[in-house]
Amino acid sequence: MKSNKISYSTRFLLIPLILSLILTGILSLFTIRNLQGNARVINYTGIVRGATQRLVKQELNHQADDAMI
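A quick note: this is a predicted structure, and the numbers were derived from the prediction, not measured.

Reading the values: the criteria
Residues numbered from 1 in each chain as written. Predicted model: local features only at pLDDT ≥ 70, side-chain atom pairs only at ≥ 80, totals over all residues. Heavy atoms only, no water. Helix = DSSP H or I, 4+ residues; strand = E, 2+ residues; numbered from the N terminus. Rg over C-alpha atoms; globule rule 2.2 N^0.38 Å. Areas by Shrake-Rupley, 256 points an atom, 1.4 Å probe, with all protein chains shown as cover. Buried < 20%, exposed > 50% of the residue type's maximum accessible area, 1.4 Å probe, protein only. Patch = residues over 30% accessible without salt bridge, like charges linked within 9 Å, V, L, I, M, F, W, Y side chains within 5 Å. Salt bridge = Lys/Arg side-chain N within 4 Å of Asp/Glu carboxyl O.

Can you walk me through the overall build of the chain in this structure?
Tallying secondary structure elements over the chain gives one helix and zero strands in all. Its C-alpha atoms give the chain a radius of gyration of 28 Å, clearly above 11 Å, the size a compact globule of 69 residues would have. Taking the principal axes of its C-alpha atoms as reference, the chain extends roughly 90 × 20 × 15 Å. Surface exposure of the chain reaches about 6,800 Å², of which carbon and sulfur atoms provide 66%.

Quick look at the structure:
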């Protein structure tokens, strides 16, 4: 009958795998935090781009929108 104990070789593999999982999780959190700042810049750039396109279309149709400028 087999015992329920974890063998030494299994522990030898299990510990580095658990540590690498924890390290990967921590690095992922730092990367996500950094991307959030970049996402805000990209979002604001998109808003400005959309407003610029709308303004150009209005000007080409001879509809001045001085408030948007």
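It is not clear to me how the side chain of Gln58 should be interpreted in this structure. Could you clarify?
Residue placement: Gln58 occurs in helix α1 (residues 8-60). The buried category is assigned to Gln58, whose relative accessible area is 14%.

Hey, could you run me through a nonpolar patch on the surface in this one?
Where nonpolar side chains cluster on the molecular surface, the patch consists of Ile6, Leu14, Ile15, Ile18, Leu19, Ile22, Ile26 and Phe30 and spans about 760 Å² of accessible area. When you line up the elements, Phe30 lands in helix α1.

What is the right way to read the environment of Arg11 from this model?
Its place among the elements puts Arg11 in helix α1. Relative accessible area serves as the criterion here: at 47%, Arg11 is assigned to the partly exposed category.

What is the right way to look at the environment of Asp66 in this model?
Residue position: Asp66 is located in the segment after α1. The exposure class assigned to Asp66 is exposed, which follows from its relative accessible area of 62%. Considered as a pair, Asp66 and Leu55 are eleven residues apart in the sequence and their alpha carbons are 9.4 Å apart.

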